[in-house]
Amino acid sequence: MIEFDHVSFAYGANHVLQDLSLSIGFGERVAVLGGSGDGKTTILKVILGLIKPDAGRVLIDGEDITTRDEEGLREIRMKFSMVFQEGALFDSLTVKENVAFCLREYTHLSEEDIDRKVRDILSMVGVEAAMHLMPEELSGGMHRRVALARSLAAFDPKMFLYDEPTTGLDPINADNICRLILDLAHNGKGYIVVTHKVVDALKLAERFLFLKSGVIFFDGGREELMTTADPDIRRFISELNYGTDTHGEDFPS
Amino acid sequence: MRGRVHTIGLRELIFNLQDFYLLSYRASLGIIRRPFYIKDTIEQMDYAGAGSFFIVVLISLFVGMALSLQISAELSTLGLKMYTGKIVGISIIRELGPVVVAVVYAGRVGSGIASELGSMVLGHQVDTLRVFGVDPTRKLVTPRIVSALLMLPVLTIIGDAVSLLGGYYIAVNVAHQSGTFYWSSIREVLDFENVFSGILKPFVFGYLIANICCFMGLSTQGGAVGMRRSTTRAVVYSMIVIVITDFVLTRALLYILGFSV
Ligand SMILES: Nc1ncnc2c1ncn2[C@@H]1O[C@H](COP(=O)(O)OP(=O)(O)OP(=O)(O)O)[C@@H](O)[C@H]1O
Ligand SMILES: [Mg+2]
């Protein structure tokens, strides 16, 4: 259970999150929608304790994480698997070493075991062939897949966090990533997926949060989303009616 | 875009220093406490040490030759040419060698550290490490400090040797001095006090350069412009700190080793 209790956060004079309160269960499938710069990524960083809110508390499984230091946050972070916007692969390591990163860090597997495990995970996301390439040699879609694979090799997370997993991908690749996300959540694990593409959000989520200037102004299910009268949300949804995607572009707000 | 004013106020400076001390403290602790990142450290040593070898040799050679040329020209007008070896030796071993090599290190390795760490911050790679439960200070900063502590003294010794050789070449072939005399005055210079000062300095410089450049890299903000700023600052601050520390160390060492000025 993730709970935000009147959380505020600012970068200098830029108030990114303002008095935010919400709670999300680990099993939920949530999409966080909003325009560029509205604080979506910031929410994920706050959940992981990567940034500390200026005010308010963040509770993970009832424990306040805002008072913990890096060491104490470790245990909290291991409950999640995070894929950052753009993937954030370590660009000095090959695909294999990226995926093997946590295995090497936390286990004493033999080289063959690591090799086998990495191969398994990579074939699960369909990029086994890229095993020995460097991140810069990958296409955008492959990059995301490898990032997904790396987050899978980490631990056994309770919940997945995805920051714009489909932004900048063509519809087919985006769809593949969505399928992958759904596959990974098969055993009842939930996820929070940040996106500004309603199409993908509808494929993935059951609950939708709309963020604008650091305030959640919509929180509801699919029905409510499709029938809402809010003009800002209608504008987001109108994307569906045109049947087009706004790839990587900021939606006008 | 949000406009930002980039003048550093006193408050920001103090905050920055506090963060800087904290980072150095935690990273230095990593030298003696687990986990050790041996592989990363060796990689850094290879990049910093082996990678800087040729540039250090080249620059030291010409510094040594120019110094020897200048000094023997000056001294010969006074009829004191035989002191060339001694003066070149002391200047190189105690002052020029450590400072020149440290400046080269800051320019080549320090800028590399700042830009690499900076791009890791901007690409969320540092955050990824933290999410994986890995302390970036230990994984990224400590290996770079260890590498500087080990490699800068070694590079300095190599640089000194090359400078002295360059000085020898000029003294003998251009200034027509006796080679044996040059070497015997160099040997005189190689006493404990001089060698100690010459080796202590690169340790201190290396520690400071690595800390400054890692700090600048890790505090990168704001895209390509931010990268430029942190890389430039890393090199500029390193150079300033090198020359100031050099002065302070020279003064302190002269005092401790019982010279009077
Ligand atoms: N490191 C930082 N330093 C200063 N300001 C920042 C930093 N990171 C983000 N911001 C600011 O915080 C605000 C929210 O950023 P955030 O990354 O959460 O947006 P986002 O909703 O994820 O946008 P996008 O869809 O473009 O990823 C933005 O206005 C941004 O300018
Ligand atoms: Mg974002």
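Being a predicted model, the structure only gives us computed values, none of them experimental. (Residues numbered from 1 in each chain as written. Chains lettered and ligands numbered in written order. Predicted model: local features only at pLDDT ≥ 70, side-chain atom pairs only at ≥ 80, totals over all residues. Heavy atoms only, no water.)

Tell me about the interface of chain B and chain A, residues and numbers included.
Taken together, the 15 residues of chain B in the interface contact 24 residues of chain A. With both chains or domains summed, chain B and chain A bury close to 1800 Å², and 57% of this area falls on carbon and sulfur atoms. Interface area lost by chain B to chain A is led by Arg130(B), Val131(B) and Phe132(B), which between them contribute 38%. Inspection of the region where chain B meets chain A yields two salt bridges. Between Lys45(A) and Asp127(B) there is a salt bridge, and its shortest N-O distance comes to 3.8 Å. Across the contact surface, chain B and chain A share 10 residue pairs in polar contact (both at pLDDT 80 or more). Class assignment of the residues belonging to the side of chain B that touches chain A gives a composition of six nonpolar, five polar and four charged. (Contact = heavy atoms within 4.5 Å. Buried area = accessible area lost by both parts, 1.4 Å probe. Salt bridge = Lys/Arg side-chain N within 4 Å of Asp/Glu carboxyl O. Polar contact = N/O pair within 3.5 Å; in protein donor to acceptor, adjacent residues only side chain to side chain. Nonpolar A, V, L, I, M, F, W, Y, C, P; charged D, E, K, R; others polar.)

Run through the site of ligand 1, naming residues and quoting values.
Residues and elements named next belong to chain A. Within the structure, ligand 1 sits among 14 residues, and Ser36, Lys40, Thr41, Thr42 and Gln85 are positioned closest to it. One of the backbone N or O atoms of Gly37 is found 2.8 Å from an oxygen atom in ligand 1. Here an oxygen atom of ligand 1 sits 2.5 Å away from a polar atom, N or O, in the side chain of Thr41. The fraction of the free accessible surface of ligand 1 (630 Å²) that becomes covered by protein chains is 71%. Residue assignment for the shell around ligand 1 shows that the elements contributing at least two residues are β2 (14-24) and α1 (40-47). If one sorts the elements of the shell around ligand 1 by residue count, α1 sits on top with three residues. Here the residues of the shell around ligand 1 sort into two nonpolar, eight polar and four charged. (Near = heavy atom within 4 Å. Areas by Shrake-Rupley, 256 points an atom, 1.4 Å probe, with all protein chains shown as cover. Helix = DSSP H or I, 4+ residues; strand = E, 2+ residues; numbered from the N terminus.)

Tell me about the coordination of the magnesium ion (ligand 2), residues and numbers included.
Residues and elements named next belong to chain A. Within the protein, the atoms that donate to the magnesium ion (ligand 2) are Thr41 (OG1) and Gln85 (OE1), at distances of 1.8 to 2.5 Å. Of the two residues, Thr41 is situated in helix α1 and Gln85 in the loop between β6 (80-83) and α3 (95-106); the sequence distance between them amounts to 44 residues. For Thr41, a relative accessible area of 16% corresponds to the buried category. (Donors = N, O, S within 2.8 Å, 3.2 Å for Na, K, Ca; no water. Buried < 20%, exposed > 50% of the residue type's maximum accessible area, 1.4 Å probe, protein only.)

So what about the pairing of strand β3 (residues 29-34) of chain A? Which residues, and what values?
Residues and elements named next belong to chain A. Counting buried positions along β3 yields six of six residues, so the element is predominantly enclosed. Alternating positions in β3 separate into two faces, Arg29, Ala31 and Leu33 on one and Val30, Val32 and Gly34 on the other, with burial throughout. Two strands pair when backbone bridges link them, and β3 and strand β8 (residues 190-195) are joined in this way by five bridges, in the parallel orientation. Within β8, the residue paired with Arg29 across the bridge is Tyr191. With five bridges joining them, β3 and strand β9 (residues 207-212) adopt parallel strand pairing. Within β9, the position partnered with Val30 by the bridge is Arg207. (Pairing = 2+ DSSP bridges.)

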